[in-house]
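One-letter residues, chain by chain:
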Amino acid sequence: MNLQFLQNIWQCEALRGAIATVLSPVGIGVSALLAALLLISCAESVESRALALANVETVEADEKVQQKVTEYQARVRTDPTDPTAIGNLGVIYELHGFSEEALLAYELATTLQPDEFSWPYYHSILLAARFDLEQAIEKVSAAIERDPEYAPAWLQKGKFLLDSSRFDEALACFEHAAEISDDPYTQLGQAHAHMGLNDPIAALAAIARTGELEQHVNVQRLRASALIRSGDRELGSKLLSGLPNAAPIRWADPVAERKNEHAVDHLIVKLSQAVRLIRSRAFGPALLLLSELRDEYPTNKHVLHLLSSVYELRGEANQALKILEEGIQLHPDFYVLRTGAASLLRAQGDRLGAIRQLDKAIEIDPKLHWAYSQKAQLLMEEKRWLEASNLLDQAIGLKDDDPDLYTYLGICLGFMDRWPEAANLYRVATSIDPEHVPAYINLARAETILQNEDEALKALDSAKLHGASAAMLASVEEQRIRIKRMQIETVSQ
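What you see is a predicted model; the values in this text were computed from it and never measured. (Residues numbered from 1 in each chain as written. Predicted model: local features only at pLDDT ≥ 70, side-chain atom pairs only at ≥ 80, totals over all residues. Heavy atoms only, no water.)

### Describing the overall build of the protein chain
Then, number 1: Per the secondary structure count, the protein chain includes 28 helices and zero strands.
Then, number 2: Expressed as a percentage of its 493 residues, the buried residues of the protein chain come to 45%.
Then, number 3: For the protein chain, long-range pairs separated by at least 24 residues make up 53% of all intrachain contacts whose partners lie at least 6 apart in sequence.
Then, number 4: Just so you have it, the protein chain exposes about 25,200 Å², and 53% of that area is on carbon and sulfur atoms. (Helix = DSSP H or I, 4+ residues; strand = E, 2+ residues; numbered from the N terminus. Buried < 20%, exposed > 50% of the residue type's maximum accessible area, 1.4 Å probe, protein only. Contact = heavy atoms within 4.5 Å. Areas by Shrake-Rupley, 256 points an atom, 1.4 Å probe, with all protein chains shown as cover.)

Now the structure itself:
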């Protein structure tokens, strides 16, 4: 029986109780046999739990993820008492969405390798991500016992304590971290703790010690709050005015970052998760996830694009545009950023800036039908009907099954007094999408001008059937009355 085996066995509380029974004067004999059996069963328990982890089904995961997990599972099956193999299996489980299994793996790896820092440390971070702060604090404290000089662990513990409103303890953690590290977050953490302790003056002093970090938006927001709470409402309110949202501030953590070495297309997995959150309109969690990804991949074009999209969906257009502009500087040929920026610029009334971005996008890829459409709509707002119609013709040449394109082109031709062609384009749009309300509304208007009353009424009936609002129908009816009145007046003249 080797030393490692004995160390593993000693982790079992039931076993320790059994050994105590064996050592008692009345426990000799049957109790000794029972203790021996417990020795065997506990040893098998660790192995059996590891083997169970190594046989978890991951069929819902991406194929590449399944292959990688299978590889890590095989290592554990080869030696179910290897703490590194089990811990790394936990890492790959965590990175790819199997958090329950990851927690168990970290627990087993710690049991098998009680002096190792990383397993309880990873355990604590995952627990905190699952909002189990009490256990997270317990685990990170255990990790710190193993390596008290690793400053990021003190920062993690301080953050967990802050989130638990244990401000005195959090302050002590950040103060100790400042003794062993020059990371500016040690000062920022102290500022947050002082605010929690209702000491804004001390918070302002800590903020002043954050160095370059003091210019970060989140630090400025904290400073403004401290100023207001200290009585300087005017300066604090002025500082708060117009501050955009920004990603949470993180500190360097080499041990935690080592987990990414085990990821399979880690970025792709996280981006897919972000897209799912956006589609379900869970914008808060999506923003948090993408902000964390931006910390890991600060120049990745897909991260920047999705992050800007979330800000836009949250109504934070300025922040969305800022991120897109940063992305365009980094990736000038990634046209998605340019078409996104064009939409935001248009909404802000900067048509020239929007057109400039769209022209560049079309230059990058002349087959972007939606870029032609976007530019055409901008020109329509300026009543540049001929130029807009030419762009829409080009867009239809690239995508001939988009009812919106035919509807926009019909509008342009209508303003150019080419009503028969316009009506025909609206009919094409409704043939592509029989529920396309804008096409029916515009067709009703065109048929009225062409004095085809029966066709106009049919178009209105179709618009109503497919969901046109009462207000929209009333507006069209008013326009039709004016059109008919003008026609009568023209004839009478």
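### With respect to the environment of E477
Then, number 1: For E477, the position within the fold is in helix α28 (residues 470–492).
Then, number 2: With 33 residues separating them along the chain, E477 and A444 place their C-alpha atoms 9.3 Å apart.

### Some words on the packing of helix α11 (residues 185–196) against helix α13 (residues 217–229)
Then, number 1: Orientation of α11 relative to α13, taken along the N-to-C sense of each, is 35°, at an axis distance of 11 Å. For α11 against α13, the interelement crossing comes out left-handed. Taking contact as the criterion, the partners of L188, A191, H192 and M195 in α11 are, on α13, V219, L222, S225, A226 and R229.
Then, number 2: For the contact of α11 with α13, the per-class residue count stands at six nonpolar, two polar and one charged. (Axes fitted to C-alpha atoms, helices over the stretch in contact; angles between N-to-C directions. Left-handed = near helix turned anticlockwise from the far one by under 90°. Nonpolar A, V, L, I, M, F, W, Y, C, P; charged D, E, K, R; others polar.)

### Some thoughts on the pattern of salt bridges
Then, number 1: Within this structure, the stated rule accounts for 21 salt bridges.
Then, number 2: A salt bridge links E363 to K360, with the shortest nitrogen-to-oxygen separation between them at 3.3 Å. Taken together, the residues E363 and K360, both in helix α21 (residues 351–364) and three residues apart, mark about one turn of the helix.
Then, number 3: A salt bridge links E455 to K458, with the nearest nitrogen and oxygen atoms 3.6 Å apart. Here E455 and its partner K458 are both found in helix α27 (residues 453–465), three residues apart, which amounts to about one turn of the helix.
Then, number 4: Residue E455 is classed as partly exposed on the basis of its relative accessible area, which comes to 36%.
Then, number 5: Among the charged side chains, a salt-bridge network with shared partners connects R346, R351, E381, E382, R384 and E387. (Salt bridge = Lys/Arg side-chain N within 4 Å of Asp/Glu carboxyl O.)

### Structural notes on α27
Then, number 1: Here α27 is 13 residues long and its end C-alpha atoms lie 18 Å apart, about the 18 Å a rise of 1.5 Å per residue gives.
Then, number 2: Of all the residues in α27, the buried ones are A456, A459, L460 and A463. One side of α27 holds all its buried residues, which, seen down the axis, span an arc of 100°. Opposite the buried face of α27, by more than 90 degrees, sit the exposed residues D454, D461 and L465.
Then, number 3: Looking one or two residues beyond α27, the residue adopting positive phi is G467, at roughly 110°. (Expected span 1.5 Å × (residues − 1). Arc of directions from axis to C-beta.)

### Topic: the confidence of the model for the protein chain
Then, number 1: On average, residues of the protein chain score 84 in pLDDT, and 87% of them reach the 70 mark or higher.
Then, number 2: Segment residues 1–43 is flagged for pLDDT under 50; beyond a separation of four residues in sequence, or across chains, it makes 31 contacts in the model. (pLDDT = per-residue confidence, 0-100.)

### Let's talk about the side chain of Q190
Then, number 1: In this fold, Q190 is placed in helix α11.
Then, number 2: Beyond its immediate sequence surroundings of up to four residues, Q190 is in contact with L171, F174, E175, A178, A206 and R209.

### What to know about the packing of helix α23 (residues 385–398) against helix α24 (residues 403–415)
Then, number 1: The interhelical angle for the contact between α23 and α24, taken along N-to-C directions, is 155°, at an axis separation of 9 Å. One element, α23, and the other, α24, form an angle in the roughly antiparallel class. Handedness of the crossing formed by α23 with α24: left-handed. When α23 is examined against α24, the residues W385, A388, S389, L392, D393, A395 and I396 are found in contact with a partner set consisting of L405, Y406, Y408, L409, C412 and F415.
Then, number 2: Of the residues that constitute the contact of α23 with α24, the class distribution is 11 nonpolar, one polar and one charged. (Parallel < 35°, antiparallel > 145°, perpendicular 65-115°, else oblique.)

### A closer look at the nonpolar core
Then, number 1: In this structure, L271, I278, L290, V310, M380 and L392 are the most contacted members of the largest nonpolar core, which totals 71 residues.
Then, number 2: The greatest single-element share of this core, amounting to seven residues, is contributed by helix α26 (residues 437–449).
Then, number 3: Residues V56, Y72, I137 and A256 belong to the second largest nonpolar core, which totals 69 residues. (Core = buried A, V, L, I, M, F, W, Y, C linked by side-chain atoms within 4.5 Å.)

### A few points about helix α5 (residues 83–95)
Counting along an α-helix, one turn takes 3.6 residues, and residues three or four places apart therefore face a common direction.
Then, number 1: Spanning 13 residues, α5 covers 18 Å between terminal C-alpha atoms, matching the ideal 18 Å at 1.5 Å per step.
Then, number 2: Among the 13 residues in α5, 12 count as buried, and that is most of the element.

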